[in-house]
Amino acid sequence: MRPSQTAIENSIKILFLSAEAAPLVKVGGLGDVAGSLPNAIRELKYHSDPPEKIDIRVAIPYYPSIKDTNLPVLLIGSKHLQQGSVNFHAEFYETVTTHSKLYLVDFPALKTSPRIYGEDPEMELEKFIQFNFSCLYLPSILDWNVDILHSNDWHTALVNHILRNATKNFQGFGDTKLILGIHNLPYMGPESVRLLKKYAIPHTTISDLPDWGTRQPLPMGLAASDAIVTVSPTYAKEILTSEFGCGLEKFLVNRKDRVFGILNGLDINYWNPQSDPDIPVHFSQEDLDLRSRIKSQIQENFKLVRDDSIPLLVVISRMDWQKGIDLLFEGFHKTRNWDFQLILLGTGNPELEKASLELQKVFPDNVRSILQFDLSLSKRLYAGGDMILLPSRYEPCGLAQLIAMRYGCIPVARRTGGLADTIIDSGRPKQQTGFLFEKASAASFLSALDRALESFQNKNRWRTIQKNAMNQDFSWTISAQRYLELYKSLLT
Ligand code: ADP
């Protein structure tokens, strides 16, 4: 497929698809990325000379939770779709967020499966199949030609697959190059031969995919894509190995020239300790002592001893096996020396939630377990906590450590994926931004925690580590440029 000349001479038109986009919907890092990366790419045009012409637009499902906010929207079109044996009606709404054009797509399966991510695999798959087909008609509604389709994770992977197999059926996608972003490889989407048949979606026929991969959304999308992007350089290498490749490693190794690792960034205006409206005291690296006021409020709110010299450890995470939360629990049950406090904020796996409450029961003076998703509290914990614990078994990028470092909260993390790429633990205090450990084990975690607790006792040393962390550039600028370069390279 050759791109049209006009695509290069005029503007680059990018359609960015996601299941979530902050601030409207956010469950995890994908929401943060879809809410900030397109803006960062779009802003590049203002900084280049001559100015780039970048037209990037985002589409997400119009979840009932968004409707409930009464966000002003404009109906821009509707379409009756017939796919396989199913007829349904899709509606397209436009809203303008901070910078990007954002489209909200409504379709019937959102009524039966209204949550962002529901429990029932078949209903989830059907919801995103309807979203995917609806998105394929968005360019014709907009009378817009897409140069780059940038889909993300399994939820929108089938768009790439369907387009690769039937480009001509969809107006506005003639020479489109297809990108699929992997934010979490093991989440490949439900397998349902019945639903693929119902919507007349062909299986993938690529020979080096494992058999199960020919009918699961993520591998189907990967097989169809011109470029595969993961969210950190280390994770891009890790997924080529059997330890992290989830059975797709051979397939990915065969395509390693089109597998890229581009580090996630942060919206540094939003995540800013100098102006964050959710934290009670604003601070910068010049006045880090102010953090202790926030810490003291947290200690008071959670009925912990109010004492700045006691290290306050925080966990802000999905409760999931991936995140190694069970390793923490194992480690803390073995710890004799409880000269720290620990606040766990997270929801997810019921067994881990139960274990979190159990830890609080065993150590009632030191541990608080809050089983909620609470954005405002998460920000206070980043701003007032001394250390954030990230014992992930694998971590495609991880945003929690980036946010934490920006707020002067020091990561104690496993050396894997994006954690390895963003945290410096070289043994040189002048560079150090955190504490890393190698093995996914309670013992390995505890040895890094011991080092961190020891450094915490030395106030000057700790301040240096905090300043180093806050000095890192975690903005999108460099990575957005890399995405733009990738887009351009696909179009030449
Ligand atoms: P993942 O996407 O794998 O969940 P990331 O570290 O990339 O992990 O992103 C997690 C995002 O979700 C961060 O912005 C983090 O602050 C936020 N988060 C996780 N759990 C909670 C919670 N219980 N309450 C508020 N925010 C949370």
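Keep in mind that this is a model prediction, so the values were computed, not measured.

The next thing to look at is the sheet that holds strand S12 (residues 367-370). Within a sheet, adjacent strands bond to each other through the backbone by hydrogen bonds, running parallel or antiparallel. Ordered in space as S12-S11-S10-S13-S14-S15, the six strands form an open sheet in which the pairing is parallel. Of all strands in the sheet, those bounded by a partner on one side alone are S12 and strand S15 (435-437). For this sheet the average axis-to-axis angle between neighbouring strands, irrespective of direction, equals 15°. Pairing between strand S10 (residues 312-316) and strand S11 (residues 341-345): five bridges, direction parallel. Bridging across to S11, Ile-316 finds its partner in Leu-345. Contacting S10, strand S13 (387-390), strand S14 (410-414) and S15, helix H18 (residues 442-457) crosses the sheet at an angle of about 165° to S15. Sheet strands in contact with helix H19 (residues 459-471) are S13, S14 and S15, and its direction is about 80° off that of S14.

A few words now on the site of the ligand. Close contacts around the ligand come from 20 residues, with Lys-26, Gly-29, Arg-318, Gln-372 and Tyr-382 the closest. Between Tyr-382 and the ligand, the recorded distance is 2.6 Å, taken from a side-chain N or O atom to an oxygen atom. In this structure, an oxygen atom belonging to the ligand sits 2.9 Å away from a main-chain N or O atom of Leu-399. Elements that contribute at least two residues to the shell around the ligand include exactly helix H2 (29-47), helix H15 (375-384) and helix H16 (400-406). Top element by residues in the shell around the ligand is H15. It accounts for three residues. For the shell around the ligand, the class distribution of residues is eight nonpolar, seven polar and five charged.

Let us now look at the nonpolar core. Of all hydrophobic cores here, the largest spans 161 residues; its most connected members are Phe-133, Phe-332, Leu-389 and Leu-449. Once residues within four sequence positions are removed from consideration, Leu-449 is found in contact with Leu-313, Phe-332, Phe-340, Met-387, Leu-389 and Val-412.

Next up on the list: the pairing of strand S7 (residues 177-182). Counting buried residues in S7 gives six out of six residues, a clear majority hidden from the surface. Side chains Lys-177, Ile-179 and Gly-181 of S7 all project onto a buried face; the interleaved residues Leu-178, Leu-180 and Ile-182 project onto the opposite face, where all are buried too. As paired strands, strand S6 (residues 148-152) and S7 are joined by five bridges and run parallel to one another. Within S7, the position partnered with Leu-149 by the bridge is Leu-178. Following the chain from S6 across helix H7 (residues 153-166) to the adjacent parallel S7, one finds a crossover that is right-handed. Here S7 pairs with strand S8 (residues 227-230) via four bridges, running parallel. Residue pairing across strands places Leu-180 opposite Ile-228, the latter belonging to S8.

For Ser-140, the location among the structural elements is in helix H6 (residues 138-142). What makes Ser-140 partly exposed here is its relative accessible area of 24%. Residues Ser-140 and Ser-376, spaced 236 residues apart in sequence, show a C-alpha to C-alpha distance of 40 Å. A polar contact of 2.8 Å, which involves the side chain of Ser-140, links it to the backbone oxygen of Tyr-137.

Looking now at the confidence of the model for the chain. Should the pLDDT be low somewhere, the predicted coordinates at that spot are not to be read in detail. Summarising the model, the chain shows a mean pLDDT of 94, and 97% of its residues fall at 70 or more. In this model, residues 1-9 is a region of pLDDT below 50 whose contacts with residues beyond four sequence positions or in other chains number 13 contacts.

What follows is about the packing of helix H13 (residues 325-334) against H18. Relative orientation of the contacting elements H13 and H18 amounts to 70°, with a least axis distance of 8 Å. Taken together, H13 and H18 sit at an angle that is classed as roughly perpendicular. Seen along the crossing, H13 lies across H18 with a hand that is right-handed. For the pair H13 and H18, the contacting residues are Leu-327, Leu-328, Glu-330, Gly-331, Phe-332 and Lys-334 in the first and Ala-442, Phe-445, Leu-446 and Leu-449 in the second. Looking at the contact of H13 with H18 residue by residue, the class counts come to seven nonpolar, one polar and two charged.

Bringing the sheet that holds strand S3 (residues 74-83) into the picture now. Sheet architecture is open: nine strands sit in the order S3-S4-S5-S2-S1-S6-S7-S8-S9, paired in mixed fashion. Looking at which strands have only one partner, the edges of the open sheet turn out to be S3 and strand S9 (259-261). Geometrically, the sheet is characterised by an average inter-axis angle of 25° between neighbouring strands, direction not taken into account. Strands in contact with H2 are strand S1 (12-17), strand S2 (54-61) and S6; relative to S2, the strand with the most contacts, it is inclined by about 165°.

Rules used in this analysis
Residues numbered from 1 in each chain as written. Predicted model: local features only at pLDDT ≥ 70, side-chain atom pairs only at ≥ 80, totals over all residues. Heavy atoms only, no water. Pairing = 2+ DSSP bridges. Helix = DSSP H or I, 4+ residues; strand = E, 2+ residues; numbered from the N terminus. Axes fitted to C-alpha atoms, helices over the stretch in contact; angles between N-to-C directions. Contact = heavy atoms within 4.5 Å. Near = heavy atom within 4 Å. Polar contact = N/O pair within 3.5 Å; in protein donor to acceptor, adjacent residues only side chain to side chain. Nonpolar A, V, L, I, M, F, W, Y, C, P; charged D, E, K, R; others polar. Core = buried A, V, L, I, M, F, W, Y, C linked by side-chain atoms within 4.5 Å. Buried < 20%, exposed > 50% of the residue type's maximum accessible area, 1.4 Å probe, protein only. Right-handed = clockwise from strand over helix to strand, strands pointing away. pLDDT = per-residue confidence, 0-100. Parallel < 35°, antiparallel > 145°, perpendicular 65-115°, else oblique. Left-handed = near helix turned anticlockwise from the far one by under 90°.

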